[in-house]
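Residues per chain are reported as follows:
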Amino acid sequence: MQYATRLASRGLAVLIFDPRYHGESSGTPRRYESGEAKVEDCQAALGFLAAQEGIDANRLHLLGICQGVNWAIETAVTDDRVASLGVVAGHYLTAETARMYLGSDAEVEARTERATAAAADFKKTGEASYIPIVGSEDALLTATAIADWYLPWDNRAPWLTFKGGWENRITAMSEAGIWGWRIDETAPQLSLPVLMIHGDKAASGQDIPRRIFEAIASEQKTLHWIDGANQLQFYEDPLIIDAAVNALAPHFLAFGRSI
């Protein structure tokens, strides 16, 4: 919402939505993280927008934030309706990223095996098992700073109800698709205009985004670096969000799809 309202004030029509299995959207099992499903949802969103009165179907763009950059990139590579792409503070899913977050190849393998077993159980019983996203050693993300930011979104504190009803859980089988995804193998296929926005202390560190950016094939690509910015500032800090939107809005307004 922070990005959508700012982009709308700059003259862009913006669609935000809960992907299937999450929030107010339908789909079971709940809280299942499926990259394939999210790409299909992005494609459906493009189709919905293209059919709306007042929308130029040749000027459709995608914005991915945090882990959403992966599904935005995958969609942009496979759907020629996308005129340009913006990716912000990306949690770029690569083998190196998995090691960074989990600590070792052995832990990545252990998590993947646990997820594979959970997927097999779900297929057999129809019942999904869950792990927390933050707050324990078994969580998807174990860093204290991440938990400090996320947990107020889950506990519905009476003075923080504007934060919504995020759930601190994810299906255990989701981890295989997260830690096993290789967006570094897809990103080089990007040929459309790309704006990458990142910061010194944003997700994936500094090196992984720079390498992915250099590998992008597009001749129209820009890396916009915000010095000193950390990941959580890209979510809530109005100054950092303003800086990101100040780059995103002219990028999206500049490009249309050639017919």
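All of these numbers come straight from a predicted model, not from anything done at the bench. (Residues numbered from 1 in each chain as written. Predicted model: local features only at pLDDT ≥ 70, side-chain atom pairs only at ≥ 80, totals over all residues. Heavy atoms only, no water.)

Caption draft 1: Geometry of the overall build of the protein. Each helix and strand counted, the protein has 11 helices and six strands in total. Here the C-alpha atoms of the protein give a radius of gyration of 18 Å, agreeing with the 18 Å that 2.2 N^0.38 yields for 259 residues. In terms of overall dimensions, the protein has C-alpha extents of about 50 × 40 × 40 Å along its principal axes. Considering the protein as a whole, with its 259 residues, one finds that 45% of them fall into the buried category. (Helix = DSSP H or I, 4+ residues; strand = E, 2+ residues; numbered from the N terminus. Rg over C-alpha atoms; globule rule 2.2 N^0.38 Å. Buried < 20%, exposed > 50% of the residue type's maximum accessible area, 1.4 Å probe, protein only.)

Caption draft 2: Spotlight on the side chain of Lys38. Along the polypeptide, Lys38 turns up in helix 2 (residues 35–50). Residue class for Lys38 comes out buried when judged on its relative accessible area of 16%. Apart from the residues lying within four places of it in its own chain, the contact partners of Lys38 are Pro19, His22, Glu33 and Trp71. (Contact = heavy atoms within 4.5 Å.)

Caption draft 3: Representation of the side chain of His251 in the model. Within the secondary structure, His251 is located in helix 11 (residues 238–254). Taking relative accessible area as the criterion, His251 reaches 11% and is therefore assigned buried. In this view, His251 contacts Ser84, Leu85, Pro193, Val194 and Leu195; residues no more than four positions away in its chain are not counted.

Caption draft 4: Just the packing of helix 4 (residues 95–102) against helix 5 (residues 105–125), in detail. Two numbers describe how helix 4 lies on helix 5: the axes approach to 8 Å, and their chain directions differ by 95°. Relative to helix 5, the element helix 4 lies roughly perpendicular. Only Asp105, Glu107, Val108 and Arg111 of helix 5 make contact with helix 4, whose side of the interface consists of Ala98, Arg99 and Leu102. Residues that form the contact of helix 4 with helix 5 fall into these classes: three nonpolar, no polar and four charged. (Axes fitted to C-alpha atoms, helices over the stretch in contact; angles between N-to-C directions. Parallel < 35°, antiparallel > 145°, perpendicular 65-115°, else oblique. Nonpolar A, V, L, I, M, F, W, Y, C, P; charged D, E, K, R; others polar.)

Caption draft 5: Spatial organisation of the sheet that holds strand 6 (residues 221–230). Strand order in the open sheet formed by four strands is 1-2-5-6, with parallel pairing between adjacent strands. The sheet is open, and its two edges are formed by strand 1 (60–65) and strand 6, each paired on a single side. For this sheet, the mean angle separating the axes of adjacent strands, direction not counted, is 15°. Relative to strand 6, strand 5 (residues 194–201) runs parallel, the two being bridged by seven bridges. Residue pairing in the sheet places Leu195 in a bridge with Thr222 of strand 6. Each of strand 5 and strand 6 touches helix 9 (residues 207–215); the most contacted strand, strand 6, lies at about 175° to it. (Pairing = 2+ DSSP bridges.)

Caption draft 6: Seen up close, unusual backbone geometry. Between Thr28 and Pro29 the backbone carries a cis peptide bond, its omega angle lying at 0°. Relative to the assigned elements, Pro29 resides in the loop between helix 1 (2–9) and helix 2. The backbone phi angle of Cys66 is positive, close to 55°, even though this residue is not glycine. Here Cys66 is to be found in the loop between strand 1 and helix 3 (68–78).

Caption draft 7: Examining helix 4 more closely. The complete set of buried residues in helix 4 reads Thr97, Ala98 and Leu102. Summarising the axial view, the buried residues of helix 4 lie within an arc of 115°, below the 170-degree limit, and thus occupy one face. In the core, the buried residues of helix 4 are packed alongside helix 5, helix 7 (174–179) and helix 9. The backbone nitrogen of Glu96 has a side-chain oxygen 3.3 Å away, supplied by the residue at the start of helix 4, namely Thr94. In the stretch just after helix 4, Gly103 is the one whose phi turns positive, near 105°. (Arc of directions from axis to C-beta. Polar contact = N/O pair within 3.5 Å; in protein donor to acceptor, adjacent residues only side chain to side chain.)

Caption draft 8: Representation of the packing of aromatic side chains in the model. On inspection of all chains with the given rule, the structure shows seven aromatic pairs. On the numbers, 5.4 Å between centres and 40° between planes, the contact of Trp149 with Trp153 is tilted. Separated by four residues within a single helix, Trp149 and Trp153 lie in helix 6 (residues 144–154), roughly one turn from each other. The exposure class of Trp149 is buried, given its relative accessible area of 15%. Chaining the aromatic ring pairs together yields one cluster made of Trp149, Tyr150, Trp153, Trp166 and Tyr235. Just above the ring of Tyr130 sits the side chain of Arg169; from NZ or CZ to the centre is 4.2 Å. Across the ring face of Phe213, the terminal group of Lys221 is positioned such that the distance to the ring centre comes to 4.9 Å. (Phe/Tyr/Trp six-rings, centres within 6.5 Å; stacked < 30°, edge-to-face > 60°. Lys NZ or Arg CZ within 6 Å of the ring centre and 35° of its normal.)

Treat this as a map of the structure, not an account of what it does.
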